[in-house]
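# Summary of the model geometry
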Amino acid sequence: MFWTDWGEQPKIERAEMDGSNRGIIIRQDIHWPNGLTIDYSAEKIYWTDAKLFYIAKANYDGSNRQKIFRTPMPSQCVLGHPFALTLYENKIYWTDWKTRGIHSTNKNSGTQCQMVWSNAYSPMNIHAFEPRRQLPRPGKFNFLLLLSGSSAKSYFIPCANKGHFMYFRESW
């Protein structure tokens, strides 16, 4: 899992779904990292920075960081106050509080920018749902399995009652 923090030391962090192996992956040239989305097929994360006016991407470990869209740029889109973003096919879509709209651009080059919706009052969040981002899991489960990143193959299974969970390891 990945998350942003724009406190005293802005950063993007990651950890395994059970909370282990937590680490900072982006800590420089970042101020207000608002939106964050994952490109599962390319194994990249994308984020917006509303203070520094850019959209960037990096590998899951923070390497190969690239700004793909920033203001000012010679295009019809301006990053006024980008907030949330999502991916759909080859495009990034983001909400912007200042322009009161939803914009899109090519996820690799930042070209072909366009406003796809306008006159939205403070658009907060945006999600794209498509089969390729929601891959079916094997079997039929009625619980959430959180995998640990350790080589011992440990698992957490949250239970439906009172926040309890089960923990087991494949081998001891």
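The coordinates are above.
Structural notes, computed from the coordinates. (Residues numbered from 1 in each chain as written. Predicted model: local features only at pLDDT ≥ 70, side-chain atom pairs only at ≥ 80, totals over all residues. Heavy atoms only, no water.)

### Overview of the overall build of the chain
Secondary structure summary: the chain contains zero helices and 14 strands in total. Starting at the N terminus and walking to the C terminus, you meet the elements of the chain as β-β-β-β-β-β-β-β-β-β-β-β-β-β. Burial statistics for the chain: of 172 residues in total, 38% are counted as buried. Within the chain, contacts between residues at least 6 apart in sequence are counted, and of these 34% link residues at least 24 apart. Per element, the accessible surface of the chain, about 10900 Å² overall, is 53% carbon and sulfur. (Helix = DSSP H or I, 4+ residues; strand = E, 2+ residues; numbered from the N terminus. Buried < 20%, exposed > 50% of the residue type's maximum accessible area, 1.4 Å probe, protein only. Contact = heavy atoms within 4.5 Å. Areas by Shrake-Rupley, 256 points an atom, 1.4 Å probe, with all protein chains shown as cover.)

### Comments concerning the packing of aromatic side chains
Inspection of the entire model under this criterion finds four aromatic pairs. Seen in terms of ring centroids, phenylalanine 2 and tyrosine 60 are 5.3 Å apart; in terms of plane orientation they differ by 50°. Their pairing is tilted. Of this pair, phenylalanine 2 sits in strand 1 (residues 2–5) while tyrosine 60 sits in the loop between strand 6 (54–59) and strand 7 (66–70), and the two are 58 residues apart along the sequence. Taking the relative accessible area as the measure of exposure, phenylalanine 2 reaches 17% and is therefore buried. Between tryptophan 6 and tryptophan 32 the ring centres are 5.5 Å apart and the planes differ by 50°, which places this aromatic pair in the tilted class. In this pair, tryptophan 6 sits in the loop between strand 1 and strand 2 (11–14) while tryptophan 32 sits in the loop between strand 3 (23–26) and strand 4 (33–39), placing the two residues 26 residues apart along the sequence. (Phe/Tyr/Trp six-rings, centres within 6.5 Å; stacked < 30°, edge-to-face > 60°.)

### Quick notes on the sheet that holds strand 6
Across the sheet, four strands lie side by side as 4-5-6-7; this open sheet has antiparallel pairing. Strands with a single pairing partner mark the edges of an open sheet, and in this sheet they are strand 4 and strand 7. Neighbouring strand axes in the sheet, compared pairwise and without regard to direction, differ in orientation by 20° on average. (Pairing = 2+ DSSP bridges. Axes fitted to C-alpha atoms, helices over the stretch in contact; angles between N-to-C directions.)

### Some points on the nonpolar core
Listed in full, the eleven residues of the largest apolar core are Phe2, Ile12, Ile25, Ile26, Ile30, Ile38, Ile45, Trp47, Tyr54, Ala56 and Ala58. Breaking this core down by element, the ones donating at least two residues are strand 3, strand 5 (44–49) and strand 6. At three residues, strand 6 tops the list of elements feeding residues into this core. Every residue in contact with isoleucine 12, bar those within four places of it in the chain, is listed here: Trp3, Thr4, Gly23, Ile24, Ile25, Ile26, Ile30, Pro33, Leu36, Ile45 and Trp47. (Core = buried A, V, L, I, M, F, W, Y, C linked by side-chain atoms within 4.5 Å.)

### Let's talk about the environment of arginine 22
Within the secondary structure, arginine 22 sits in the loop between strand 2 and strand 3. Residue classification places arginine 22 among the exposed positions, given a relative accessible area of 56%. Sequence separation of arginine 22 and phenylalanine 2 is 20 residues, and the distance between their C-alpha atoms is 9.6 Å. Those residues in contact with arginine 22 that lie beyond four places of it in its chain are Trp3, Glu13, Arg14 and Ala15. A polar contact of 2.6 Å, which involves the side chain of arginine 22, links it to the side chain of glutamate 13. (Polar contact = N/O pair within 3.5 Å; in protein donor to acceptor, adjacent residues only side chain to side chain.)

### Section: the side chain of lysine 11
Tracing the backbone through its elements, the reader meets lysine 11 in strand 2. Here the side chain of lysine 11 touches glutamine 9 through a polar contact of 3.2 Å, landing on its backbone oxygen. Leave out the neighbours within four places in its chain, and lysine 11 touches Trp3, Thr4, Asp5, Ile24, Ile26, Ile30 and Pro33.

### Looking at the environment of tyrosine 93
By secondary structure assignment, the location of tyrosine 93 is in strand 9 (residues 91–96). Taking the C-alpha atoms as reference points, tyrosine 93 and histidine 127, 34 residues apart in sequence, are found 8.8 Å from one another.

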